[in-house]
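Architecture at a glance
Each chain is listed here by its residues.
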Amino acid sequence: MREKLARFLAGRYGTDDLNKLLSVVALVLLILALIITRVYGNIGSIIWLLGVITLFLCYYRMFSRNIAKRQAENQKFQSLRYGRAVNKQRRKERAEQSKDYKFFKCPKCGVLNRVPKGKGKIQITCPKCGEQFIRKS
């Protein structure tokens, strides 16, 4: 029996971060469906169906033999997650610096330029495109 299971799982993709997220989402949807079905009725069955579909997708990815495609999906998920983390960190740093600096977007290329506060009207030169514009700091 153990050998049959090992042969079945050989060459399968397995689990990754996207599968972990899908399984948690499926579990939350299924538990939510149990709670909502008692209160609202039919809406709970729709949520239950979404949970089952999410769980099916998780197992489909786990037992898939198309490893390259599953890795590409996980890579895309990881890059989205990383991008969100970087944006969150940038917003946090900008909020910390907002006491001493003002931020202006270049009208030509859209790059964010940081200038010190309290200097009156100043001419800002974009370091990327060289565009000059005047703003009140």
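Shown above is the structure to which this text applies.
What you see is a predicted model; the values in this text were computed from it and never measured. (Residues numbered from 1 in each chain as written. Predicted model: local features only at pLDDT ≥ 70, side-chain atom pairs only at ≥ 80, totals over all residues. Heavy atoms only, no water.)

A few words on the packing of aromatic side chains. Using the criterion set out here, one finds 2 aromatic pairs in the structure. Each ring, one from Phe8 and one from Phe63, has its centre 5.7 Å from the other, and the planes form 50 degrees; the classification is tilted. A residue pair is termed long-range when its members are at least 10 positions apart, and Phe8 in helix 1 (residues 2-9) and Phe63 in the loop between helix 3 (42-62) and helix 4 (67-97) qualify at 55 residues. Judged by centre distance (6.1 Å) and plane angle (10 degrees), the rings of Tyr59 and Phe63 are stacked. Residue classification places Tyr59 among the partly exposed residues on the basis of a relative accessible area of 41%. Of the residues examined, Phe63 reaches a relative accessible area of 31% and is grouped as partly exposed. Sitting over the face of the ring of Phe8, Arg12 holds its NZ or CZ atom 4.3 Å from the ring centroid. (Phe/Tyr/Trp six-rings, centres within 6.5 Å; stacked < 30°, edge-to-face > 60°. Helix = DSSP H or I, 4+ residues; strand = E, 2+ residues; numbered from the N terminus. Buried < 20%, exposed > 50% of the residue type's maximum accessible area, 1.4 Å probe, protein only. Lys NZ or Arg CZ within 6 Å of the ring centre and 35° of its normal.)

Along the chain, Asp17 turns up in helix 2 (residues 17-40). For Asp17, a relative accessible area of 28% corresponds to the partly exposed category. Residues Asp17 and Ile43, 26 residues apart in the sequence, show an inter-C-alpha distance of 29 Å. A distance of 2.4 Å separates a polar atom in the side chain of Asp17 from a polar atom in the side chain of Gln78. (Polar contact = N/O pair within 3.5 Å; in protein donor to acceptor, adjacent residues only side chain to side chain.)

Now for a positive patch on the surface. A surface patch of like charges, here positive, comprises Arg84, Lys88, Arg91 and Lys92. For Lys92, a relative accessible area of 49% corresponds to the partly exposed category. (Patch = residues over 30% accessible without salt bridge, like charges linked within 9 Å, V, L, I, M, F, W, Y side chains within 5 Å. Areas by Shrake-Rupley, 256 points an atom, 1.4 Å probe, with all protein chains shown as cover. Salt bridge = Lys/Arg side-chain N within 4 Å of Asp/Glu carboxyl O. Lys, Arg positive; Asp, Glu negative; His and termini not counted. Charge placed at Lys NZ, Arg CZ, Asp CG, Glu CD.)

Another aspect to go through is the pairing of strand 4 (residues 132-136). Summarising the sheet, strand 3 (residues 121-125) and strand 4 pair through 5 bridges and their orientation is antiparallel. Paired with Ile122 across the bridge in strand 4 is Arg135. What sits between the antiparallel neighbours strand 3 and strand 4 is a turn of 6 residues, in which Gly130 has the positive phi angle 85 degrees. (Pairing = 2+ DSSP bridges.)

The next point concerns the pattern of salt bridges. Here the structure, examined in full by the defined rule, presents 3 salt bridges. A salt bridge links Asp16 to Arg61, with the shortest nitrogen-to-oxygen separation between them at 3.2 Å. Of the two residues, Asp16 sits in the loop between helix 1 and helix 2 while Arg61 sits in helix 3, which places them 45 residues apart along the sequence. According to the relative accessible area criterion, Asp16 is buried, its value standing at 8%. Taking relative accessible area as the criterion, Arg61 reaches 3% and is therefore assigned buried. A salt bridge links Glu73 to Arg61; the nearest nitrogen and oxygen atoms lie 2.8 Å apart. Remark: Arg61 occurs in helix 3 and Glu73 occurs in helix 4; sequence separation between them is 12 residues.

Since the α-helix packs 3.6 residues into each turn, any two residues three or four apart lie on the same face. Here helix 2 contains 24 residues, and its C-alpha end-to-end distance of 33 Å stays within 8% of the 34 Å for a straight helix at 1.5 Å per residue. Against the buried residues of helix 2 lie helix 3 and helix 4. Its side-chain oxygen 3.3 Å from the backbone nitrogen of Leu18, Asp16 forms the N-cap of helix 2. At the C-terminal side of helix 2, Gly41 shows a positive phi close to 85 degrees. (Expected span 1.5 Å × (residues − 1). Contact = heavy atoms within 4.5 Å.)

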